[in-house]
Amino acid sequence: MSPLQIVLAVLAFLGAGNALKAWYLAHRVEQRLKATCPGGNKIWIFPLGALQLLAGTFYPFRGTVGDYFGNVREYGSTCLSCASVWGARPTYFITDAEAAKKICSDRHTFIKDVAAYEMLNIYGPNVYALAYSSCPIQLTRRDKANNALVWKESIRLIEEWFSDIDSRKDPEKPIDLSVELSQLTLLVISSTGFGRRGTWKAFDEPPPPSEVMDFHTAVTKAMSRLVYKVLTPKIVDTISNTFYIPFLTPLLKETKAAYDALQYHMLDVIAGARTWVADGKKADMEAALLRNLVEANSMSFAETLTDDEFLSNTLAFLLAGQETTAHTASFTLSILALYPEIQEGILKEVNSVWPREGPPPTYKDYLTKFEYTTATFMETLRLLPAVPRFGKLVQKDTVITGHKFQLSPDGKTVDHAEPFAIPIEKGTILMVDVSGLHINPMYWGPDAEEFRPEHFIDTDTYRWPRDAFLGFSGGPRTCLGQRFATTEAVCILASIVRKYEILVPPNLRQKSFEEQKRIMLNWHPGITSVPTGAKTVFRLRK
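Residues numbered from 1 in each chain as written. Predicted model: local features only at pLDDT ≥ 70, side-chain atom pairs only at ≥ 80, totals over all residues. Heavy atoms only, no water.

Counting its secondary structure elements, the protein contains 19 helices and 13 strands. For the protein, the C-alpha atoms occupy an extent of roughly 70 × 65 × 55 Å along the three principal directions. Within the span of the protein, comprising 542 residues, buried residues form 52% of the whole. Pairs at least 24 residues apart make up 75% of the contacts formed inside the protein by residues separated by at least 6 positions. Counting only carbon and sulfur atoms, one obtains 57% of the accessible surface of the protein, whose full area is about 25,300 Å². Of note, the protein has its 59 positive side-chain charges centred 2 Å away from the centre of its 59 negative side-chain charges. (Helix = DSSP H or I, 4+ residues; strand = E, 2+ residues; numbered from the N terminus. Buried < 20%, exposed > 50% of the residue type's maximum accessible area, 1.4 Å probe, protein only. Contact = heavy atoms within 4.5 Å. Areas by Shrake-Rupley, 256 points an atom, 1.4 Å probe, with all protein chains shown as cover. Lys, Arg positive; Asp, Glu negative; His and termini not counted. Charge placed at Lys NZ, Arg CZ, Asp CG, Glu CD.)

Below you can see the structure in the form of structure tokens.
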């Protein structure tokens, strides 16, 4: 054997030995955990890391604990144990409302794994990658008036989008919802959050010649290349700058140009907001989100943000304000094509609020009159959550409560549920399985896996289970943009259903309902859940 072959053989032997040792230690932890909590398998990929985003479509394997597409009914327990191989760390997947509420509320015992989110610190620390949200970030919650602007701008931009749709030659050509709604939500957040008012036509027009990429192009390219940006190791970036690598070098170069341009534009917006505050807020400023952040940051009692933190948080807000709403609305419109009776329910509600020849409803109308439409959006978030799971690291020994349950013979109703205490030791990883919690029959009933907007409509005899819904997370870290996203999404759904009949694409109409559903609602894990088959036809109503 050559010296190189000997070195490689030694390295392979040492690697196999380390893997075997890690497996054995994890096996011991796994067996210990099974004594107090059902479960019992090992996880080779750290559940909070970037690698899990890439492997999520196939790992953990189907039918094992931690499977993204698993079903809580299979195990008869709301808490499942396993062991992370590397480090032999106890790991639990939680689908229990009581336990999830405790995990989300006690932010001192259960903290975010900051290291797992460092990949999102593109310009500096931001709200995603902080163990606790800083004071200026929390103060951005307070501006309710901005939601009225969100409604108004959504109406304006939706009408521009409709004009484009109506001008297309083939009305039966499917609309790629995730692409077009991403454009729409980008325009809305850019205008209402950052004061960069654009038009739908801007996406079809070449940008003016300039040394710096224009704002909307920069944001579009930055968002579309976010996964490349956060998952590319710095050493690969350095090598590609030194040596030309086909495909990779041009991609990383264009990605860098987009993020540099976004930084340039965001610093300009931040400077304008600071001038507005310094001048005593004499003029109107529509960039409400950034305006509030700058204003809160100037308060004497607030923990101030650096320019890098401002930049990083604006990117975080853009991601939350664009991608999550666009993807959830895409799923919702696909569902309306699959369930025409639900579409008719929304149409009936919209027609009662917004007559065919009447002016658009106001934000106040939305707050009080779009109950079924809002419930439809929430039901989509229940069955297809934007963030299907999130993790916490345990800082001290504690106890959480799970439930073991028995199902009726038909497998739909919980006949009996019994609580049990689970001792949790410091250093444990707790994964709150949002998808599993949202289809847990203990809370959502025998039809937990069926799409029914009525799940979110209170009646005299029913109150929907607030603690069993984490579509916007929970506790002190509840989504800052919850009202923003709901306002925008309801406006989009009401406007589309009022004007168009939403249909399954022609190439799927001969397939079975289950096959249509599988294709149109397919998704893969990313920074948020990414739809892969959300395409529908919009046909003008007569």
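Turning to the packing of aromatic side chains, a few remarks are in order. Tallying each qualifying case throughout the model produces 17 aromatic pairs. Here the aromatic rings of Tyr-59 and Phe-61 are separated by 4.9 Å at their centres, their planes lie at 85°, and the arrangement is edge-to-face. Tyr-59 gets classed as buried once you look at its relative accessible area, which sits at 8%. Ring plane angle 35° and centroid distance 5.9 Å describe the contact between Trp-161 and Phe-162, whose orientation is recorded as tilted. Accessibility expressed as a relative area gives 7% for Phe-162, which makes it buried. (Phe/Tyr/Trp six-rings, centres within 6.5 Å; stacked < 30°, edge-to-face > 60°.)

Okay, the packing of helix H12 (residues 307–338) against helix H18 (residues 482–499) next. One way to put it is that H12 packs onto H18 with a least axis distance of 10 Å and a crossing angle of 35°. Crossing angle aside, the handedness with which H12 passes H18 is right-handed. Contacts between H12 and H18 involve Gly-321, Thr-325, Thr-332, Leu-333 and Leu-336 from the former and Phe-484, Ala-485, Glu-488, Ala-489, Leu-493, Ile-496 and Val-497 from the latter. Of the residues that constitute the contact of H12 with H18, the class distribution is eight nonpolar, three polar and one charged. (Axes fitted to C-alpha atoms, helices over the stretch in contact; angles between N-to-C directions. Left-handed = near helix turned anticlockwise from the far one by under 90°. Nonpolar A, V, L, I, M, F, W, Y, C, P; charged D, E, K, R; others polar.)

To continue, consider unusual backbone geometry. Working note: non-glycine residues mostly have negative phi, and peptide bonds are mostly trans. Residue Pro-60 is bonded to the preceding Tyr-59 through a cis peptide linkage, with omega at 0°. Secondary-structure assignment places Pro-60 in the loop between helix H2 (50–55) and strand E2 (79–84). In this model, Ser-473 sits at a positive phi of 65°, which is unusual for a non-glycine residue. Among the structural elements, Ser-473 can be located in the loop between helix H17 (441–444) and H18.

Tracing the sequence through the fold places Leu-54 in helix H2. In this structure the C-alpha to C-alpha distance between Leu-54 and Asp-96, which are 42 residues apart in sequence, comes to 27 Å.

Judged by side-chain polarity, Met-1, Leu-4, Ile-6, Val-7, Leu-8, Val-10, Leu-11, Phe-13 and Leu-14 come together as a nonpolar surface patch covering roughly 970 Å² of accessible area. Here Leu-14 shows up in helix H1 (residues 3–34). For Leu-14, a relative accessible area of 47% puts it in the partly exposed group. (Patch = residues over 30% accessible without salt bridge, like charges linked within 9 Å, V, L, I, M, F, W, Y side chains within 5 Å. Salt bridge = Lys/Arg side-chain N within 4 Å of Asp/Glu carboxyl O.)

Moving on to the environment of Thr-401. Here Thr-401 shows up in strand E7 (residues 398–407). Taking relative accessible area as the criterion, Thr-401 reaches 24% and is therefore assigned partly exposed. A sequence separation of 304 residues divides Thr-401 from Ala-97, and the C-alpha atoms of the two residues are 9.5 Å apart.

The subject of this paragraph is the environment of Ala-16. In this fold, Ala-16 is placed in helix H1. Considering only alpha carbons, one finds Ala-16 and Tyr-363, 347 residues apart in sequence, at a separation of 62 Å.

A word on the nonpolar core. Counting residues in each nonpolar core, the largest one holds 131 residues, and the members touching the most others are Tyr-92, Trp-161, Leu-181, Leu-262, Leu-333, Ile-496 and Phe-538. Counting residues per element, this core draws most heavily on H12, at 14 residues. Sequence-distant contacts of Leu-262, that is, excluding residues within four places in its chain, are made with Tyr-123, Phe-215, Ala-218, Val-219, Ala-222, Leu-315 and Leu-318. Tyr-59, Val-65, Ile-429 and Met-431 belong to the second-largest nonpolar core, a separate cluster that totals 14 residues. (Core = buried A, V, L, I, M, F, W, Y, C linked by side-chain atoms within 4.5 Å.)

Looking now at the pairing of strand E6 (residues 389–394). Counting buried residues along E6, six of its six residues qualify, which places the element largely inside the surrounding structure. The alternating pattern of E6 places Arg-389, Gly-391 and Leu-393 and Phe-390, Lys-392 and Val-394 on opposite faces, both of which are buried. Sheet topology note: the strand E4 (residues 110–111)/E6 ladder contains two bridges and is antiparallel. Residue pairing for E6: Phe-110 is matched across the bridge by Val-394. Where E6 meets strand E9 (residues 429–433), five bridges bridge the pair, whose relative direction is antiparallel. Bridged to Lys-392 within E9 is Leu-430. (Pairing = 2+ DSSP bridges.)

Here we take up the sheet that holds strand E10 (residues 500–503). Taking strand neighbours across the sheet as the criterion, the three strands line up as E5-E13-E10 in an open arrangement whose pairing is antiparallel. Strands at the two margins of the open sheet, each flanked by one partner only, are strand E5 (175–176) and E10. Summarising the sheet, E5 and strand E13 (residues 535–540) pair through two bridges and their orientation is antiparallel. Bridge pairing links Asp-176 to Lys-535 in E13.

One pass over the full model with this rule turns up four cavities of 30 Å³ or more. As a volume, the largest cavity reaches approximately 160 Å³. Along the walls of the largest cavity sit 16 residues, with Val-72, Tyr-75, Leu-80, Thr-95 and Asp-433 positioned nearest its centre. The class makeup of the residues in the lining of the largest cavity is six nonpolar, eight polar and two charged. (1 Å grid on protein atoms, 1.4 Å probe; cavity = no way out; pocket = protein on both sides within 12 Å on 5 of 7 lines; lining within 4 Å. Points joined across faces, edges and corners; volume = space filled by probe spheres on them.)

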